[in-house]
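Coordinate analysis (summary)
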Amino acid sequence: MTIGKRTKKAREGVDREKLYPLAEAVKMVKERAKAKFDETVEIAINLGVDPRHADQMVRGVVTLPNGTGRTLRVGVFARGAKADEAKAAGADVVGAEDLVEKVQGGTIDFDRCIATPDMMPLVGRLGKVLGPRGMMPNPKIGTVTMDVTAAVKGAKGGSVEFRVEKAGIVQAGIGKASFSEEKLVENVKALTDAVAKAKPAGSKGTYIQRVAVSSTMGPGVKVEPGSILG
């Protein structure tokens, strides 16, 4: 495969076999984020788990100290006073049966989904639509709750949901290339700390095995795991 000039230049100076300290890796990613838009800085964490087993599933939510740099559209399934509360907290889309019908019809005008517990029998019908997108409300990550104000403000303020994929990898955006190195490092540590605390009982051996950071258009830079957890 032919490598473009920009990609080739971005890869210069990155040793693909070397593990870099976190601060150095973040600096390298920022220096190579040369696209015409503000690239997202992403992290990929290889875990020593087999998510096919229920006792090795890893998922959770963490509020990044410096936000994500991305404005999320938040949808809330609620009725009455809780619907009013969601609107006041800044939710973009609020509804009950009408919103369920809309989503079933294929219109999803939100990136994060929250529901009050009484709405779950209705929202449960949307499993085939929201499930594959990783948007199904879940009490374990705080998206099925009566405290819709906190949930909406958390989603708007930089909370990130993480979930291990089939290959045992957790991937997430941890900020923008325009963020300072310090802010990106703080966000990485907050996310990896949350992932470490979510270690399942069924995980044996080394839990956090490999870590890499990259920007949307840039090369991946391998990170020394000890520099993140230390």
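Each chain has its residues counted from 1, running along the sequence as written. With the structure being a predicted model, the display of local features is reserved for residues of pLDDT at least 70 and the display and counting of side-chain atom pairs for 80 or more, all residues being used for whole-chain, interface and lining totals. Note that water and hydrogens are dropped before the side-chain values are worked out from all heavy atoms of the structure.

Under an unreviewed UniProt entry, the protein has the name Large ribosomal subunit protein uL1 and belongs to Bradyrhizobium erythrophlei. Its UniProt record, at the heading Sequence similarities (unreviewed entry), says of the protein: "Belongs to the universal ribosomal protein uL1 family." As its UniProt record puts it under Subunit (unreviewed entry), the protein is described as follows: "Part of the 50S ribosomal subunit." UniProt positions are given in the numbering used here, feature names are shortened, and annotations may be inferred rather than shown by experiment.

Overview of the domain arrangement of the protein
The start and end points of each domain follow an automatic or database-based domain assignment. We note that the domain assignment places domain 1 (15-68 + 158-223) and domain 2 (74-157) within the protein. By definition, residues are in contact when any of their heavy atoms lie within 4.5 Å. Listed by partner, the interface residues are eight residues for domain 1 and nine residues for domain 2. As used here, buried area is the combined drop in accessible area, with a 1.4 Å probe, of two parts when they are placed together. With both sides pooled, the region where domain 1 packs onto domain 2 buries about 740 Å², and carbon together with sulfur makes up 38% of that total. Of all residues in domain 1, Arg59, Ser159 and Glu161 give up the largest surface area on contact with domain 2, accounting jointly for 62% of the area buried on that side. The working definition used for a salt bridge is a side-chain nitrogen of Lys or Arg within 4 Å of a carboxyl oxygen of Asp or Glu. The interface formed by domain 1 and domain 2 includes one salt bridge. A salt bridge links Glu161 to Arg112; the nearest nitrogen and oxygen atoms lie 3.1 Å apart. Nitrogen and oxygen atoms within 3.5 Å of one another constitute a polar contact, given that in protein one can donate a hydrogen and the other can accept it, and given that sequence-neighbouring residues count only through two side-chain atoms. Between domain 1 and domain 2 we count five residue pairs in polar contact (both at pLDDT 80 or more) in total. Helix and strand labels come from DSSP, where a helix needs a run of H or I of at least four residues and a strand needs a run of E of at least two; each type is numbered from the N terminus. Mapped by element, the contributors of at least two residues to the side of domain 1 that touches domain 2 are strand 2 (59-63) and strand 6 (159-163). In the side of domain 1 that touches domain 2, the residues fall into two nonpolar, four polar and two charged. Polar here means any residue outside two lists: the nonpolar Ala, Val, Leu, Ile, Met, Phe, Trp, Tyr, Cys and Pro, and the charged Asp, Glu, Lys and Arg; Gly therefore counts as polar.

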